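Okay, here's what each chain looks like letter by letter:
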Amino acid sequence: MNKVIFFAHLRDVVGEEFLSLEAAGKTVAVLKAELAAKYDLPRMDTVMTAINEEFASNDEVIREGDEVAFIPPVSGG
Amino acid sequence: MKLYEISKEPIDIQAVIDKVIQREAGAITTFIGTVREFTKGKKTLFLIYEAYEAMAVKKLEQIGREIEERWEGCKVAITHRVGRLDITDVAVVIAVSTPHRADAYEANRYAIERIKEIVPIWKKEHWEDGEEWMGNQLETVAYPSGKPEAGDLDE
């Protein structure tokens, strides 16, 4: 299983802080596309991804147990 | 003592400064980011800041390491607030000490610009006529590879 976490506007759209789903073996890009389609997520080309709290490329493969987080453009400071 | 923190409580500015005191320093610069009432004529009522806390602390630590590599003898401490903030509240405090003053200014500026690029913290603006998570609606930032590129620092 994988914990997939959403923040900011993505959390508002999905309606959950996180989902538990099977993403092992998929690339970040594939998971992103699947969730974008399922939840009609906007502007996913601007959204970064973190695996286990570190930025990951779209071609990185998710492993069993990885925590995935979608990171919209940040606005701290 | 934690040099890099996400805080749900108001930030004690002096406590952040105290963390970078060192005998080798000839300067300490402090950046205090505050909540502005008007942005391009639009009145903000209050802000909500949210963080991916564990990763945000790691990214603040990374910024600290980057600074220590670039500016010799540097010591850095950063605290960022989360939760509801009203106008004039302090959102972030960055303290940097260095042997010489020019480096303290430069390194501090670097820290805030990097925070705006890589630290997973978001603010939601609340106006009289609505609310919006910032950072996404202008669509000026795109990450073709899915993550920030090394060294992009052009804000």
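Since the structure is predicted, the reported quantities are computational estimates derived from the model, not experimental observations. Residue numbers here run from 1 along each chain, matching the order of that chain's written sequence. Chains carry letters from A onward and ligands carry numbers from 1 onward, assigned in written order. Reporting of local features is limited, given that this is a predicted model, to residues whose pLDDT is at least 70; pairs of side-chain atoms are given and counted only at 80 or more, and all residues count toward the totals for whole chains, interfaces and linings.

Caption draft 1: Geometry of the overall build of chain B. When its secondary structure is counted, chain B shows three helices and nine strands. Per the convention used, a helix needs a DSSP run of H or I reaching at least four residues, while a strand needs a run of E reaching at least two, with both numbered from the N terminus. In chain B, the succession of helices and strands from N to C terminus is β-α-β-β-β-α-β-β-β-α-β-β. Working definition of a contact: two residues with C-beta atoms, positioned from the backbone, lying within 7 Å. The long-range share in chain B, meaning contacts at least 24 apart out of those at least 6 apart in sequence, stands at 76%.

Caption draft 2: Region of interest: helix H3 (residues 101-118) of chain B. All names here are of chain B. Expected span of a helix, by definition, is 1.5 Å for each gap between consecutive residues, and there is one gap fewer than residues. When the terminal C-alpha atoms of H3 are compared, their 26 Å separation across 18 residues agrees well with the 26 Å that a helix rising 1.5 Å per residue should span. Within the sequence span of H3, burial applies to Asp-103, Ala-104, Ala-107, Asn-108, Ala-111, Arg-114, Ile-115 and Ile-118. Buried residues of H3 fall within an arc of 130° about the axis and therefore sit on the same side. Considering only its buried residues, H3 is in contact with strand E2 (27-34), helix H2 (53-70), strand E5 (75-81) and strand E7 (90-98). Burial is judged by counting other C-beta atoms within 10 Å of a residue's own C-beta: 20 or more means buried, 12 or fewer means exposed, and anything between counts as partly exposed, with every C-beta placed from the backbone. Our arc is simply the arc of the directions from the helix axis toward the C-beta atoms.

Caption draft 3: The interface of chain A and chain B, seen in detail. Contact residues are listed per partner, giving 23 residues for chain A and 28 residues for chain B. Taken together, the residues that form the side of chain A that touches chain B break down as 12 nonpolar, eight polar and three charged. Under the scheme applied here, ten amino acids are nonpolar (Ala, Val, Leu, Ile, Met, Phe, Trp, Tyr, Cys and Pro), four are charged (Asp, Glu, Lys and Arg), and all others, including Gly, are polar.

Caption draft 4: Focus on the sheet that holds E5 of chain B. Residue and element names in this part refer to chain B. At least two DSSP bridges between two strands are required for those strands to pair. Strands sit in the order E1-E5-E7-E2 across an open sheet of four strands; the sheet is mixed. Two strands in the sheet have a free side with no partner beyond their single neighbour: strand E1 (4-7) and E2. Direction aside, neighbouring strands of the sheet carry axes that sit 10° apart on average. Where E5 and E7 come together, six bridges link them in antiparallel fashion. Looking across to E7, one finds that Val-76 is bridged to Val-96. Along the sheet face, H2 touches E1 and E5 and points at about 145° away from the line of E1. For helices, the fitted axis covers only the stretch in contact; all axes are lines through C-alpha atoms, and the angles between them, taken along N-to-C directions, range from 0 to 180 degrees. In the packing of H3 onto the sheet, contacts are made with E2, E5 and E7, and the angle to E7 comes to roughly 145°.

Caption draft 5: How the structure looks around helix H2 (residues 28-39) of chain A. Residues and elements named next belong to chain A. The end-to-end C-alpha distance of H2 is 16 Å, a good match for the 16 Å that 12 residues give at a rise of 1.5 Å each. The complete set of buried residues in H2 reads Val-28, Lys-32 and Leu-35. Along H2, the residues classed as buried sweep out an arc of 75° about the axis, all on the same side. Residues of H2 that are exposed and point over 90 degrees away from its buried face: Ala-37 and Lys-38. At its buried positions, H2 is contacted by strand E3 (48-51) and strand E4 (54-56). Positive backbone phi, at 55°, marks Asp-40, one or two positions downstream of H2.

Caption draft 6: View of the packing of H2 of chain B against H3 of chain B. All names here are of chain B. Closest axis-to-axis distance for the H2/H3 pair is 10 Å, and the angle between their directions is 145°. Between H2 and H3 the crossing geometry is right-handed. Residues Lys-59, Ile-63, Glu-66 and Ile-67 of H2 pack against Ala-107, Tyr-110, Ala-111, Arg-114, Ile-115 and Ile-118 of H3. Looking at the contact of H2 with H3 residue by residue, the class counts come to seven nonpolar, no polar and three charged. For any helix crossing, the convention is left-handed if the near helix is rotated counterclockwise from the far helix by under a right angle, and right-handed if that rotation is clockwise.

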